[in-house]
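Now for the letters of each chain:
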Amino acid sequence: MTEFWERFSYYGMRAILLFYMYFAAEKGGLGFSQGTAASIMSIYGSLVYLTAVIGGFIADRILGSRKTVFWGGVLIMFGHIALAVPYGAPTLFLSIGLITIGTGLLKPNVSEMVGTLYSETDSRRDAGFSIFVMGINLGSLLAPAIVGTVGQNINFHLGFSIAAVGMFFGLIQYYFGGRKHLSEATLHPTDPITPEELPKVKRNILIAVLIAVVVFGGLLISGNMNVTNVVLVFSILGVVLPIGYFVMMLSSHKTTKIERSRLWAYIPLFVASVLFWCIEEQGSVVLALFAANQTQLKVALPFAQFNILPSWFQMLNPAFIILYTPFFAILWTKWGKRQPSTPAKFAAGLIIAGLSFVVMVIPILTHGTNALVSPLWLVLSWLIVEVAELLISPIGLSATTKLAPKAFQSQMMSIWFLSDACAQAINAQVVKFYTPGNEVMYFSIWGGVAVVLGILLFMLVPRIKHLMQGVN
């Protein structure tokens, strides 16, 4: 339920944020260019998951997961309140800061607590995470319908305020429900900072601050401090950070030989998840633009004409997840130890994700870039990609908790979310190339690369299973 409300607030905000940024001022928007708005949307999503590194560290080493989740929710709520205030771009960027840090504190630690409910050998783990993902998607389903309708039909800021109220309810039920149902262990860090380690931690924080001052100070002094360059900096960080994290864990003396082998097995799964999220996360950017600009939104019924809001298409993602989840949960439970291995599920998911973009080539080739096409093409694309999500997202969450070194449990969950951060950091640079003139090439390249890499991953399945050292 905590994830239900957090996702309600987050996806409600995302359902209208792109339109708020690029709609003209007279329509209640900020008047950004479409390319800039798309790039900001992607880097915003990347930052949300990049800060999961901070959340994992604070939970593992300072506060414990339960307190970290609570304070993350508080920051998220204030971030949505900032967006609800009609003061233009300054409150937008303030909101981005608050929500990115807050989600980084909350999201990896909520998921990690689910993992602690199951042993390494419990075959119910994948099904359990599927149920957890169901809660996430119920919140994501309701949000565009409510926040999107209010935001696009009445006022953007009123829509953002509804997102804030949703997070408030999440905090209330988490606080009282957590006291009743969560274990005492969640109140304490799993690997607290020792007095001997404290100077090193302080030094690393100081180095990070100095690097930020040098980079952004250099941009400011040189006159290059603008949205495009700031987005570029964070895009580079989104790609470099997970690489550094893997190097740190693989070289740590706290990682045993078996755990190190499992980390090597995790790397190709991580790469596959990055490509999957590159495609899936473009649903709220590229497909949202396609919905607003190239989709027939007036549907004629026998007795009336019905208008579809572009933000409503964001309901398709969670709707299909909810429809599919019971089937997959039953399937994995029924098959038990006979179910496909984690890398095989990832390979299949990557191929299917690629096909979801390949199908978008058909209406463009058939009707051209200037005609409005049936909304059913977008429905079909989401119908396909959500099969891939259920083969990768809950399975990835489960695999992360199983393959995590003991000393880096929450931080390993942060690594999983860094795959999404890395994907959206890449998207922040490539979505600017999405224009009516090159849509066929855009969808074809993304879809083709995913299919080819999915086939290669199938070929690597035996090697990956060997490296997993007994984890199925």
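What counts, and where the lines are drawn
- Residues numbered from 1 in each chain as written.
- Predicted model: local features only at pLDDT ≥ 70, side-chain atom pairs only at ≥ 80, totals over all residues.
- Heavy atoms only, no water.
- Helix = DSSP H or I, 4+ residues; strand = E, 2+ residues; numbered from the N terminus.
- Rg over C-alpha atoms; globule rule 2.2 N^0.38 Å.
- Buried < 20%, exposed > 50% of the residue type's maximum accessible area, 1.4 Å probe, protein only.
- Contact = heavy atoms within 4.5 Å.
- Areas by Shrake-Rupley, 256 points an atom, 1.4 Å probe, with all protein chains shown as cover.
- Lys, Arg positive; Asp, Glu negative; His and termini not counted.
- Charge placed at Lys NZ, Arg CZ, Asp CG, Glu CD.
- Salt bridge = Lys/Arg side-chain N within 4 Å of Asp/Glu carboxyl O.
- Axes fitted to C-alpha atoms, helices over the stretch in contact; angles between N-to-C directions.
- Parallel < 35°, antiparallel > 145°, perpendicular 65-115°, else oblique.
- Left-handed = near helix turned anticlockwise from the far one by under 90°.
- Nonpolar A, V, L, I, M, F, W, Y, C, P; charged D, E, K, R; others polar.
- Polar contact = N/O pair within 3.5 Å; in protein donor to acceptor, adjacent residues only side chain to side chain.
- Expected span 1.5 Å × (residues − 1).
- Bend = angle between axes of the 7 residues up to and from the residue.
- Core = buried A, V, L, I, M, F, W, Y, C linked by side-chain atoms within 4.5 Å.
- Phe/Tyr/Trp six-rings, centres within 6.5 Å; stacked < 30°, edge-to-face > 60°.
- Disulfide = S-S within 2.5 Å.
- pLDDT = per-residue confidence, 0-100.

A look at the overall build of the chain
So, point 1. Within the chain, the regular secondary structure consists of 17 helices and 2 strands.
So, point 2. Scaling as 2.2 N^0.38, a compact globule of 472 residues should have a C-alpha radius of gyration of about 23 Å, and the chain matches this with 22 Å.
So, point 3. The dimensions of the chain, computed from C-alpha atoms along their principal axes, are 65 × 55 × 45 Å.
So, point 4. Within the chain, the fraction of its 472 residues that count as buried is 54%.
So, point 5. At a minimum sequence separation of 6, the contacts of the chain that also span at least 24 residues come to 82%.
So, point 6. Of the accessible surface of the chain, which amounts to about 20000 Å², a share of 72% is contributed by carbon and sulfur atoms.
So, point 7. Positive and negative side-chain charges in the chain, numbering 28 and 19 respectively, have mean positions lying 5 Å apart.

Topic: the pattern of salt bridges
So, point 1. Applying the stated criterion to the full structure yields 4 salt bridges.
So, point 2. For Glu197, the salt bridge identified is with Arg61, shortest N-O distance 2.5 Å. Note that Glu197 is positioned in the loop between helix 7 (156-181) and helix 8 (198-221) and Arg61 in helix 3 (residues 52-63), a separation of 136 residues in sequence.
So, point 3. The network of salt bridges with shared partners includes Arg61, Glu197 and Lys254.

Structural notes on the packing of helix 8 against helix 9 (residues 227-251)
So, point 1. Closest axis-to-axis distance for the helix 8/helix 9 pair is 11 Å, and the angle between their directions is 160 degrees. Regarding the angle of helix 8 to helix 9, the classification is roughly antiparallel. With respect to the hand of their crossing, helix 8 and helix 9 are arranged in right-handed fashion. Touching Val215, Phe216 and Leu219 of helix 8 are Asn229, Val230, Val233 and Phe234, all from helix 9.
So, point 2. Grouping the amino acids of the contact of helix 8 with helix 9 by side-chain chemistry returns 6 nonpolar, 1 polar and no charged.

Describing the environment of Glu197
So, point 1. Judged by relative accessible area, Glu197 falls into the partly exposed class, the value being 23%.
So, point 2. Polar contacts involving the side chain of Glu197 include one to the side chain of Lys254, which spans 3.4 Å.

Looking at helix 1 (residues 2-22)
So, point 1. Counted at 1.5 Å a residue, the expected span for helix 1 with its 21 residues is 30 Å, and the 31 Å between its end C-alpha atoms agrees.
So, point 2. Along helix 1, the helix axis deviates most sharply at Ile16, where the bend reaches about 35 degrees.
So, point 3. Along helix 1, 19 of the 21 residues are buried, which leaves the element largely enclosed by surrounding structure.

A look at the side chain of Thr325
So, point 1. Relative to the elements of secondary structure, Thr325 occurs in helix 12 (residues 316-335).
So, point 2. Classification of Thr325 by relative accessible area gives buried; the value is 2%.

Notes on the nonpolar core
So, point 1. Counting residues in each nonpolar core, the largest one holds 121 residues, and the members touching the most others are Leu17, Trp416 and Phe443.
So, point 2. By residue number, the principal contributor to this core is helix 10 (residues 257-280), which donates 12 residues.
So, point 3. The contact partners of Phe443, leaving out residues within four places of it in the chain, are Val286, Leu287, Phe357, Met360, Val361, Ile364 and Tyr434.

Digging into the packing of aromatic side chains
So, point 1. One pass over the structure, following the stated rule, counts 27 aromatic pairs.
So, point 2. With centroids separated by 5.4 Å and ring planes inclined at 75 degrees, the aromatic side chains of Tyr20 and Phe160 adopt a geometry described as edge-to-face. Within this pair, whereas Tyr20 is found in helix 1, its partner Phe160 is found in helix 7, the two being separated by 140 residues in sequence.
So, point 3. Classification of Tyr20 by relative accessible area gives buried; the value is 1%.
So, point 4. Take Phe160: its relative accessible area is 0%, and that puts it in the buried class.
So, point 5. Ring centres of Phe23 and Phe156 lie 6.0 Å apart, and the angle between their planes is 70 degrees; on these two criteria the pair is classed as edge-to-face. Of this pair, Phe23 sits in the loop between helix 1 and helix 2 (34-50) while Phe156 is found in helix 7, placing the two residues 133 residues apart along the sequence.
So, point 6. Cluster of aromatic residues (ring-pair linked, three or more members): Phe19, Tyr20, Tyr22, Phe23, Phe156 and Phe160.

Topic: the side chain of Ser284
So, point 1. As for its placement among the helices and strands, Ser284 is situated in the loop between helix 10 and helix 11 (286-294).
So, point 2. We classify Ser284 as buried; its relative accessible area is 8%.
So, point 3. Polar contacts involving the side chain of Ser284 include one to the main-chain carbonyl oxygen of Glu281, which spans 3.2 Å.
So, point 4. Beyond its immediate chain neighbours, meaning those up to four positions away, Ser284 contacts Arg14, Leu18, Met41 and Gln314.

Re the environment of Asn427
So, point 1. Note that Asn427 resides in helix 16 (residues 409-430).
So, point 2. Accessibility expressed as a relative area gives 1% for Asn427, which makes it buried.
So, point 3. Here Asn427 is in contact with Ser42, Trp277, Cys278, Glu281, Gln282 and Trp446, once residues within four sequence places are set aside.
So, point 4. Among the polar contacts made by the side chain of Asn427, one reaches the main-chain carbonyl oxygen of Cys278 at a distance of 3.1 Å.

Things to note about the state of the cysteines
So, point 1. Taken as a whole, this structure holds 0 disulfides when the rule is applied.
So, point 2. You can see Cys422 has no disulfide; the closest cysteine sulfur is in Cys278, sitting 7.0 Å from it.
So, point 3. Given a relative accessible area of 8%, Cys422 falls into the buried group.

Comments concerning the confidence of the model for the chain
So, point 1. Confidence along the chain averages 86 in pLDDT terms, with 100% of residues attaining 70 or more.
So, point 2. Mean pLDDT across the elements of the chain ranges from a minimum in strand 1 (residues 298-300), with 79, to a maximum in helix 13 (residues 342-358), with 94.

Structural notes on the packing of helix 9 against helix 10
So, point 1. Across the interface, helix 9 lies against helix 10 with an axial gap of 10 Å and an inter-helix angle of 165 degrees. As judged from the angle between their axes, helix 9 and helix 10 are roughly antiparallel. Crossing of helix 9 over helix 10 shows left-handed handedness. For the pair helix 9 and helix 10, contact is made by Pro242, Phe246, Met249 and Leu250 and by Arg260, Leu263, Trp264, Tyr266, Ile267 and Phe270, respectively.

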